[in-house]
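Now for the letters of each chain:
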Amino acid sequence: MENILNEKIFLESTNGVIEGILISLDSQNKSFTLNKIIHYPSGKTQDEPQCYKENDIKWILKYKNNNMEICQEDVENGRKNTDTFYSPEIVRNIVHIQNEEFTADEYDILINMAQNSIYIDSVNSNFYNAIKALESEIEIGIDAKGIGFENNIKILNISMSNCVYHFDVLKLGLQGFSQGLQSILEGNVIKVIHDCRHISYWLNKLYLVNLKNVFDTAVGELIITKNVGGEFPRARVTGIRSLPVCLKIFLGIPPQLVWFGIHNKSIWAEYPLSHSLKFSAARDAVFLLPLKNRLLGTMLSPLYQGIDNFLNLVRNSTEDEAIEHIGTDYLVPTKMEDLEIYKLTKNFAF
């Protein structure tokens, strides 16, 4: 138990999702205490420590081997994960996600970026510095807030490798696009967006911007689902999966971290924009790039497995076996039928 003290964990209680540092455990009273607490989805911080009882907790996410892992147990079905610091009674409905690519350190870096995002509402030196920085990036993440508010887009949140910008589109107006935003949105930089349909429509209608070089993570998830199930999920109750759900499936991130204000246009009309709103908007943008990388890696995994099969199939054969392959290269190797299609298939039943 001692080796997990002072580590960051998430938990879902009756009051929502909470992030904090574990500072003490009380096995006798089945409780533990967190410090440096952040409440989600609001992003509100809490300075004083707080004690939580097992009976109030639905699930816990903790870091393990520098990776993020949701550790939960389905007691009714007899599945147990003994590598947890809490008793089996703490959780009932369980999902277990082992993420090999998104680490705790990466999460902390992204959250720190979100907490220190930069708000831009006028064409000044900060604006031009932001445009110059974005032009030097290979890929950026884009999320819009207040879509449809006053028949416009309120804010474009753009994440890059080390920063998040909030461009207040209503205040910047056409000048903001003519002075650099349009060149970014139509240029060679890869734009990672989750469901680009509405952003594409409003940017084109209001500012004559034609989005180009887009990687749509919603489309990526659809392609993976089709390849797993054999067809697009037209009849699936959930339809096109939202950004929070995709982050849960592919990165193991609690959806509540990016739910705030997702269906509320009016809250983004607040002036000046509060820090909690900036933090919430930035969180939606910072996870887009790691989500894109995970989706792309998942989609390409069978390809690289197949290439590895081709590299080794004849190379590891005897001379006689290699000669037998001559003239039969048009046949699909039987080993290709054994490809592991997607490691995340088991997590698609959310």
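Reading the values: the criteria
- Residues numbered from 1 in each chain as written.
- Predicted model: local features only at pLDDT ≥ 70, side-chain atom pairs only at ≥ 80, totals over all residues.
- Heavy atoms only, no water.
- Helix = DSSP H or I, 4+ residues; strand = E, 2+ residues; numbered from the N terminus.
- Buried < 20%, exposed > 50% of the residue type's maximum accessible area, 1.4 Å probe, protein only.
- Contact = heavy atoms within 4.5 Å.
- Areas by Shrake-Rupley, 256 points an atom, 1.4 Å probe, with all protein chains shown as cover.
- Pairing = 2+ DSSP bridges.
- Axes fitted to C-alpha atoms, helices over the stretch in contact; angles between N-to-C directions.

Per an unreviewed UniProt entry, the protein chain is named 3'-5' exonuclease domain-containing protein, and its organism is Diploptera punctata.

The next thing to look at is the overall build of the protein chain. Scanning the protein chain for helices and strands turns up nine helices and 14 strands. When each of the 350 residues of the protein chain is scored for burial, the buried share is 47%. Within the protein chain, contacts between residues at least 6 apart in sequence are counted, and of these 60% link residues at least 24 apart. Just so you have it, the protein chain exposes about 17,900 Å², and 51% of that area is on carbon and sulfur atoms.

Moving on, we get to the sheet that holds strand β9 (residues 118–120). Each strand in a sheet pairs with its neighbour through backbone hydrogen bonds, running either in the same direction (parallel) or in the opposite one (antiparallel). Strand order in the open sheet made by the six strands is β9-β12-β11-β10-β13-β14, with mixed pairing throughout. Strand pairing shows two members of the sheet lacking a second neighbour, β9 and β14 (214–216), which therefore form its edges. The mean angle between the axes of side-by-side strands here comes to 25 degrees, regardless of whether they run parallel or antiparallel. Both strand β10 (residues 139–145) and strand β11 (residues 155–159) contribute to a ladder of five bridges, which runs antiparallel. Note that in β11 the partner of Lys145 across the bridge is Ile155. Those strands touched by helix α8 (residues 288–313) are β10, β11, β13 (190–193) and β14, and its axis lies near 120 degrees from that of β10.

With that out of the way, let us pick up the pairing of strand β2 (residues 16–26). The sheet contact formed by strand β1 (residues 8–13) and β2 spans six bridges and is antiparallel. Paired with Leu11 across the strands is Ile18, a residue of β2. Counted along the chain from β1 to the antiparallel partner β2, the turn is two residues long. With eight bridges connecting them, β2 and strand β3 (residues 31–40) associate as antiparallel partners.

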